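Read off the chains here:
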Amino acid sequence: MQQFTVQRIGPEINIVGVDLSFTNASLFMVISAAVIMLFLFLGSKEKKVIPNKLQLIAEMSYTFVAKMISDTAGSKARPYFPFIFSLFMFVLFCNMVGMLPYSFTVTSHIIVTLIMALFIFIAVTIIGFIKHGFKYLSIFVPSGVPAVLLPLITIIEIISYLSRPVSLSVRLFANMMAGHTMLKVFGGFVVSLGILGGWLPLSFSVALTGLEILVAFLQAYVFAILTCIYLNDALNLHH
Amino acid sequence: MKSFLSLLIAFVAINTELFAAEAGMPQLDPTYWASQAFWLILVFTILYISISKFYLPKIKDNLDNRENKIKEDLENANKFKEESEAKLKEYDLILENAKKEVLKIHFESKSTLDKDIQSKKESMEKEIEKEILKAQKEISELKKNSISSIQIISGSIVSNIIENISGDKLNESSIKATVEDVSKKNMNKFL
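Residues numbered from 1 in each chain as written. Chains lettered and ligands numbered in written order. Predicted model: local features only at pLDDT ≥ 70, side-chain atom pairs only at ≥ 80, totals over all residues. Heavy atoms only, no water.

Caption draft 1: How the structure looks around helix α4 (residues 110–132) of chain A. Taking 1.5 Å per residue as the helical rise, α4 of chain A with its 23 residues ought to reach 33 Å, and the 32 Å between its terminal C-alpha atoms agrees with that figure. Following α4 of chain A by one or two positions, Gly 133 of chain A has its phi on the positive side, about 65°. (Helix = DSSP H or I, 4+ residues; strand = E, 2+ residues; numbered from the N terminus. Expected span 1.5 Å × (residues − 1).)

Caption draft 2: Here's a closer look at unusual backbone geometry. All names here are of chain A. The phi dihedral of Tyr 102 is positive, around 70°, even though this residue is not glycine. Within the element layout of this structure, Tyr 102 appears in the loop between α3 (81–98) and α4. By relative accessible area, which is 86% here, Tyr 102 ends up exposed. (Buried < 20%, exposed > 50% of the residue type's maximum accessible area, 1.4 Å probe, protein only.)

Caption draft 3: Main features of the nonpolar core. Grouped together as the largest cluster of nonpolar side chains are 70 residues, with contacts concentrated most on Leu 40, Ile 84, Phe 90 and Met 116 of chain A. When residues in this core are grouped by element, the largest group, 13 residues, is from α3 of chain A. (Core = buried A, V, L, I, M, F, W, Y, C linked by side-chain atoms within 4.5 Å.)

Caption draft 4: Geometry of the environment of Ala 216 of chain A. Residue and element names in this part refer to chain A. Relative to the helices and strands, Ala 216 resides in helix α7 (residues 199–235). With a relative accessible area of 0%, Ala 216 lands in the buried category. In sequence terms Ala 216 and Phe 189 are 27 residues apart; their C-alpha atoms lie 23 Å from each other. Contacts of Ala 216, omitting those with residues within four sequence positions, involve Leu 92, Asn 95, Met 96 and Met 176. (Contact = heavy atoms within 4.5 Å.)

Caption draft 5: Focus on the interface of chain B and chain A. Listed per partner, the contact involves 41 residues of chain B and 59 residues of chain A. Area buried by chain B at its contact with chain A is led by Gln 27, Tyr 32 and Gln 36 of chain B, which between them contribute 14% of it. For the pair chain B and chain A, the interface holds 1 salt bridge. The salt bridge involving Glu 59 of chain A is made with Arg 66 of chain B; its shortest N-O contact spans 2.9 Å. Going through the elements one at a time, α1 (2–21) and α2 (33–166) of chain B are the ones with two or more residues in the side of chain B that touches chain A. Broken down by element, the residue count for the side of chain B that touches chain A peaks at 27 residues, all from α2 of chain B. A breakdown of the residues in the side of chain B that touches chain A according to their chemical character gives 27 nonpolar, 8 polar and 6 charged. (Buried area = accessible area lost by both parts, 1.4 Å probe. Salt bridge = Lys/Arg side-chain N within 4 Å of Asp/Glu carboxyl O. Nonpolar A, V, L, I, M, F, W, Y, C, P; charged D, E, K, R; others polar.)

Caption draft 6: Summary view of the packing of aromatic side chains. Residues and elements named next belong to chain A. Summed over the entire model, instances satisfying the criterion amount to 22 aromatic pairs over all chains. On the basis of an interplanar angle of 80° and a centroid distance of 5.8 Å, the ring pair of Phe 186 and Phe 189 is categorised as edge-to-face. Pair noted here: Phe 186 and Phe 189 are both in helix α6 (residues 164–197), with a separation of 3 residues, about one helical turn. On the basis of an interplanar angle of 55° and a centroid distance of 5.3 Å, the ring pair of Phe 186 and Phe 204 is categorised as tilted. Of this pair, Phe 186 sits in helix α6 while Phe 204 sits in helix α7, and the two are 18 residues apart along the sequence. Owing to a relative accessible area of 17%, Phe 186 belongs among the buried residues under this scheme. Put simply, the rings of Phe 121, Phe 129, Phe 134, Tyr 136, Phe 140 and Tyr 161 touch in pairs and so form one group of aromatic residues. Across from the ring centre of Phe 81, 5.1 Å away, lies the NZ or CZ of Arg 78, which sits over that ring. (Phe/Tyr/Trp six-rings, centres within 6.5 Å; stacked < 30°, edge-to-face > 60°. Lys NZ or Arg CZ within 6 Å of the ring centre and 35° of its normal.)

Caption draft 7: Broad picture of the confidence of the model for chain A. Here chain A averages 90 in pLDDT, while 100% of its residues score no lower than 70. Least confident of the elements in chain A is strand β1 (residues 14–15) of chain A, whose mean pLDDT is 81; most confident is α3 of chain A, at 94. (pLDDT = per-residue confidence, 0-100.)

Written out as structure tokens, the structure is:
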């Protein structure tokens, strides 16, 4: 679990009794953001009609996220495209950077994913109330439900709505942590089984690395698409 | 295989003990929660602003440009295609007209040539006839002249012969008369 520990880098920054020091977590957030910006800068630098590889990847990620939003939340979600694009890229690059040996996985910390999920939850709720007023509460009362079941369903709906930030954050955090822990465990097997028995866990480790890269992408996608779905609930109220 | 599995299980046990010794999950240690939250919000805000204000409009511009370019090119291609088709039709029309004209010119020139030849032929024939008439006249005149000169020549020949043979000079007029008589008799045989 040593790979998940947060350590202070440089001087201690203490603002009104709160420790806001620059840590290795902060460092890898900055690295991820810098890599995203570098990638997007190089990808949008040359305005070629026939794109080069980097430009093609940048444009593909643009159209990928744009399509994801328009498919799940429709055209009304267009103003939120930059946010969802940033979110997707940030989570994706944090996950991917975390796959490098000796690096730190920002998204494997519950506090990071929880803050993102809470922000999304609160923002979506505010957007819902701004767009629909108190009619937004009808999201808890699905239509076509027998009157007997209605109180129960409403309670379930409220609980499921309130548990959104928890499920969203825990999903990402747990996936990232579990993957890295697994890699660490198999890596430990390689060392402890030595040259004779270490080959089996080593091959597992290689396979798991591939799987983890897939999971890193998939979790970023899931995080973004769930945000889109929540946004869709807030924008297009039809239950 | 069985021994290998048992070995594996043993090592799992050892490893879990090792992990247990490392004490808990660092994620649940709240020492740096505030720091992580603060840096997350800071970094993400900067990222969001730069992406939404700078990178996305640029990429969108690129994509729009490409789409417009493709649309424009397609439109142009269609336009050129239509133009070329119209030009082809025009060309065909011109070619057809030219063919017709060629036929017309050919026909016209043939007819004028025929007429010309005909008229030339006629005038030639007339001239030839004239020439023939003239030649005939000349011939007949020559005939007439030749008769009188022949008579004179033959008269003198006759008088000379008689003089040489008999030594007498004969009356010229009588010789003339005889020659004329003979010539009148025999002339038609030669002329």
